[in-house]
Amino acid sequence: MLRYQFEGRLKELGYGGAVSYPGPPMRTLYVYILASGSRVLYTGVTNNLARRLAEHREGSSGAFTTRHEAVRLVYFEAVPGPLTAIGREKQIKSWTRRKRVALIEAMNPE
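The structure reproduced in this document is the subject of the present report. Please read these numbers as outputs of a predicted model, since none were measured by experiment.

Here is what the cut-offs are and how they apply
- Residues numbered from 1 in each chain as written.
- Predicted model: local features only at pLDDT ≥ 70, side-chain atom pairs only at ≥ 80, totals over all residues.
- Heavy atoms only, no water.
- Helix = DSSP H or I, 4+ residues; strand = E, 2+ residues; numbered from the N terminus.
- Buried < 20%, exposed > 50% of the residue type's maximum accessible area, 1.4 Å probe, protein only.
- Polar contact = N/O pair within 3.5 Å; in protein donor to acceptor, adjacent residues only side chain to side chain.
- Contact = heavy atoms within 4.5 Å.
- Pairing = 2+ DSSP bridges.
- Arc of directions from axis to C-beta.

## A look at the side chain of Glu 77
Phase 1 of the analysis: Looking at where Glu 77 falls in the secondary structure, it is placed in strand β4 (residues 72-80).
Phase 2 of the analysis: Judged by its relative accessible area of 17%, Glu 77 falls in the buried class.
Phase 3 of the analysis: Among the polar contacts listed, one links the side chain of Glu 77 to the side chain of Tyr 75, at a separation of 2.2 Å.
Phase 4 of the analysis: Within polar-contact distance, the side chain of Glu 77 engages the side chain of Arg 88 at 3.0 Å.
Phase 5 of the analysis: Here Glu 77 is in contact with Leu 29, Tyr 30, Val 31, Arg 88 and Ile 92, once residues within four sequence places are set aside.

## Some points on the pairing of strand β3 (residues 41-46)
Phase 1 of the analysis: Of all 6 residues that make up β3, 5 are buried, and the element is covered over most of its length.
Phase 2 of the analysis: Sheet analysis places strand β2 (residues 26-35) next to β3, joined by 6 bridges and oriented antiparallel. Within β3, the position partnered with Tyr 32 by the bridge is Gly 44.
Phase 3 of the analysis: Connecting the antiparallel pair β2 and β3 is a turn made up of 5 residues, with Arg 39 showing a positive phi of about 75°.

## Notes on helix α5 (residues 97-107)
Phase 1 of the analysis: All buried positions along α5 are accounted for by Arg 100, Leu 103 and Ile 104. Buried residues along α5 cover an arc of 95° about the axis, so they all sit on one side. Opposite its buried face, α5 presents the exposed residues Arg 98, Glu 105 and Ala 106, each directed more than 90 degrees away.
Phase 2 of the analysis: Considering only its buried residues, α5 is in contact with β2, β3, β4 and α4 (82-94).

## Focus: the environment of Val 45
Phase 1 of the analysis: Topologically, Val 45 is positioned in strand β3.
Phase 2 of the analysis: With a relative accessible area of 24%, Val 45 lands in the partly exposed category.
Phase 3 of the analysis: Dropping the residues within four chain positions of it, Val 45 is found in contact with Leu 29, Tyr 30, Val 31, Tyr 32, Ala 85 and Glu 89.

## Topic: the environment of Met 26
Phase 1 of the analysis: Along the chain, Met 26 falls in strand β2.
Phase 2 of the analysis: On the basis of relative accessibility, which here comes to 33%, the residue Met 26 falls in the partly exposed class.
Phase 3 of the analysis: Each C-alpha atom of the pair Met 26 and Gly 81 lies 5.7 Å from the other, and the pair is 55 residues apart in sequence.

Set out below in structure tokens:
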């Protein structure tokens, strides 16, 4: 059920791309957290969340997510611009597991 909620939210957000506002165009990026069946959490950044999830599921994205089978999207947020996205990713990665789980549970109360 959560997967469909995420996919609906992704469609609302347009899967990435440019955000329209006065001034220079700024790309929307996504900071996301994946979970594995063994409770490993992976945090990443992408400009196309649907494509990136497919890469993780195919095993073509990198050794960590392939090794730990972290393919279940449990959290994401849209952020404006690459510097903001990278800063947010680093912030989340610096948190304790408990704090990351609280963030996930705030978005997914189930």
